[in-house]
Amino acid sequence: MNSDFIHDQKYQNKNFNENDIKFKEFENCTFDHCDFTQCIFLSVVFVDCTFLHCNFNDTKINYVSLRGVEFDDCNFTNVNFAMTDQVIYYFNFTNCRLDFTKFYGLKLKKMHFTGCSLVSADFMESDLSETVFDNCDLRRTVFYQTNLSKTDFTTSYNFSIDPEQNKMKRAKFSVEGLKGLLEKYDLVIS
C-alpha cells in the first residue's frame, strides 16, 4: 500500500472523494468548508489538523487516526467513530452536529465537546472519564456501562443518565441537571 504524507496544506471549499484521502497522512493541515461525504476513510492519519465548517454527514470512518485534531462547526450526523484508531489519539469538537453518532466502546478520556448537538448519540461502554460536555444538547443520548468519572455536565442539558448503569464517581452536574439523573424514577420535580 502506498501512503502519501501531506503537511502544512490548506484546503478550502474542496469536495473530497474516496481516493483523495485513502492511505494518506495529513499533518498540520487546515480544511475549511470541505465536503467529505463521498469518502470512505481507510487508513488515514490526521496529526495536528483543523477542520472548519466541514461536512462528514453519513461518512464511513474506518481505521482513521485523529491525533491533536480540532473540529469546529462540522456536521457528523450519523457517523460511526467506533473504528477509529485508539493509539495516541486526541480530538475535540466545538459547535459540531454529532446527532446519531456512535462512539460505542471508545476511550475518549479528557475530550471536550463544546456547544455541540449530540441528539441520540451512542456512548455505550465508552470511557468518558474527565470529559467535558460544555453547553451540549444530549437529548436521547445513550450512556450505558459508560465511565463518566469526573465528567463535567454542569452546562449541558436534555440528558437522561442512569447512575445505577454507569460509573459516575465525582461527575459534575448543575442543580438544574439533577432531574436528568432521576428520570427513570418518574418523579415530579419542580
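Preceding block: the structure.
Note that the coordinates shown come from a computational prediction; the quantities given were computed from them, not determined experimentally. (Residues numbered from 1 in each chain as written. Predicted model: local features only at pLDDT ≥ 70, side-chain atom pairs only at ≥ 80, totals over all residues. Heavy atoms only, no water.)

Brief notes about a positive patch on the surface
Reasoning step 1: On the surface, a cluster of positive charge is made up of Lys 110, Lys 150, Lys 167, Lys 169, Arg 170 and Lys 172.
Reasoning step 2: Of note, Arg 170 is situated in the loop between strand E12 (132–134) and helix H2 (179–182).
Reasoning step 3: A relative accessible area of 63% places Arg 170 in the exposed class. (Patch = residues over 30% accessible without salt bridge, like charges linked within 9 Å, V, L, I, M, F, W, Y side chains within 5 Å. Areas by Shrake-Rupley, 256 points an atom, 1.4 Å probe, with all protein chains shown as cover. Salt bridge = Lys/Arg side-chain N within 4 Å of Asp/Glu carboxyl O. Lys, Arg positive; Asp, Glu negative; His and termini not counted. Charge placed at Lys NZ, Arg CZ, Asp CG, Glu CD. Helix = DSSP H or I, 4+ residues; strand = E, 2+ residues; numbered from the N terminus. Buried < 20%, exposed > 50% of the residue type's maximum accessible area, 1.4 Å probe, protein only.)

A short note on the pairing of strand E7 (residues 40–47)
The side chains of a regular strand alternate, first on one face of the sheet and then on the other.
Reasoning step 1: Alignment of strand E4 (residues 24–27) against E7, held across three bridges, turns out to be parallel. Across the sheet, the residue bridging to Phe 26 is Phe 46, located in E7.
Reasoning step 2: Of the strand pairs in this sheet, E7 and strand E9 (residues 60–72) are connected by seven bridges, and their pairing is parallel. For Val 44, the partnering residue across the bridge sits in E9 and is Val 64. (Pairing = 2+ DSSP bridges.)

Focus: the nonpolar core
Reasoning step 1: Counting residues in hydrophobic clusters, the biggest one holds 53 residues, and the most contacted among them are Phe 31, Phe 46, Phe 51, Phe 71, Phe 93, Phe 113 and Leu 118.
Reasoning step 2: Of all the secondary structure elements, the ones that give two or more residues to this core are E7, E9 and strand E10 (90–94).
Reasoning step 3: Among the elements that make up this core, the one with the highest residue count is E9 (five residues).
Reasoning step 4: Excluding residues that lie within four positions of it along the chain, Phe 46 makes contacts with Phe 26, Phe 31, Phe 41, Phe 51, Val 64, Ser 65, Leu 66, Arg 67 and Val 69. (Core = buried A, V, L, I, M, F, W, Y, C linked by side-chain atoms within 4.5 Å. Contact = heavy atoms within 4.5 Å.)

Some remarks on the environment of Val 44
Reasoning step 1: Assignment of secondary structure puts Val 44 in strand E7.
Reasoning step 2: In the structure, Val 44 is positioned 138 residues away from Leu 182 in sequence and 42 Å away in space, judged by C-alpha atoms.
Reasoning step 3: The contact partners of Val 44, leaving out residues within four places of it in the chain, are Ile 21, Lys 22, Phe 23, Lys 24, Phe 26, Tyr 63, Val 64 and Ser 65.

Let's talk about the side chain of Ser 65
Reasoning step 1: Of note, Ser 65 is situated in strand E9.
Reasoning step 2: Owing to a relative accessible area of 5%, Ser 65 belongs among the buried residues under this scheme.
Reasoning step 3: Filtering out sequence-adjacent residues up to four positions away, Ser 65 remains in contact with Val 44, Val 45, Phe 46 and Asp 85.

A short note on the side chain of Asp 162
Reasoning step 1: By the secondary structure assignment, Asp 162 is in the loop between E12 and H2.
Reasoning step 2: Engagement of the side chain of Asp 162 in a polar contact is seen with the backbone nitrogen of Glu 164, the distance being 2.9 Å.
Reasoning step 3: Sequence-distant contacts of Asp 162, that is, excluding residues within four places in its chain, are made with Met 168 and Lys 184. (Polar contact = N/O pair within 3.5 Å; in protein donor to acceptor, adjacent residues only side chain to side chain.)

Section: the pattern of salt bridges
Reasoning step 1: For the coordinates displayed, the defined rule picks out five salt bridges.
Reasoning step 2: Between Glu 18 and Lys 22 there is a salt bridge, and its shortest N-O distance comes to 2.9 Å.

With respect to the packing of aromatic side chains
Reasoning step 1: Across all of its chains, the model carries 42 aromatic pairs by this definition.
Reasoning step 2: Their ring planes at 85° and their centres at 5.4 Å tell us that Phe 76 and Phe 93 sit as a pair that is edge-to-face. Of this pair, Phe 76 sits in the loop between E9 and E10 while Phe 93 is found in strand E10, placing the two residues 17 residues apart along the sequence.
Reasoning step 3: For Phe 76, a relative accessible area of 1% translates into the label buried.
Reasoning step 4: Taking relative accessible area as the criterion, Phe 93 reaches 0% and is therefore assigned buried.
Reasoning step 5: Relative to Phe 153, the ring of Phe 133 has its centre 5.2 Å away and its plane inclined at 10°; by these criteria the two rings are stacked. Here Phe 133, found in strand E12, pairs with Phe 153, found in the loop between E12 and H2; they are 20 residues apart in sequence, far enough to count as distant. (Phe/Tyr/Trp six-rings, centres within 6.5 Å; stacked < 30°, edge-to-face > 60°.)

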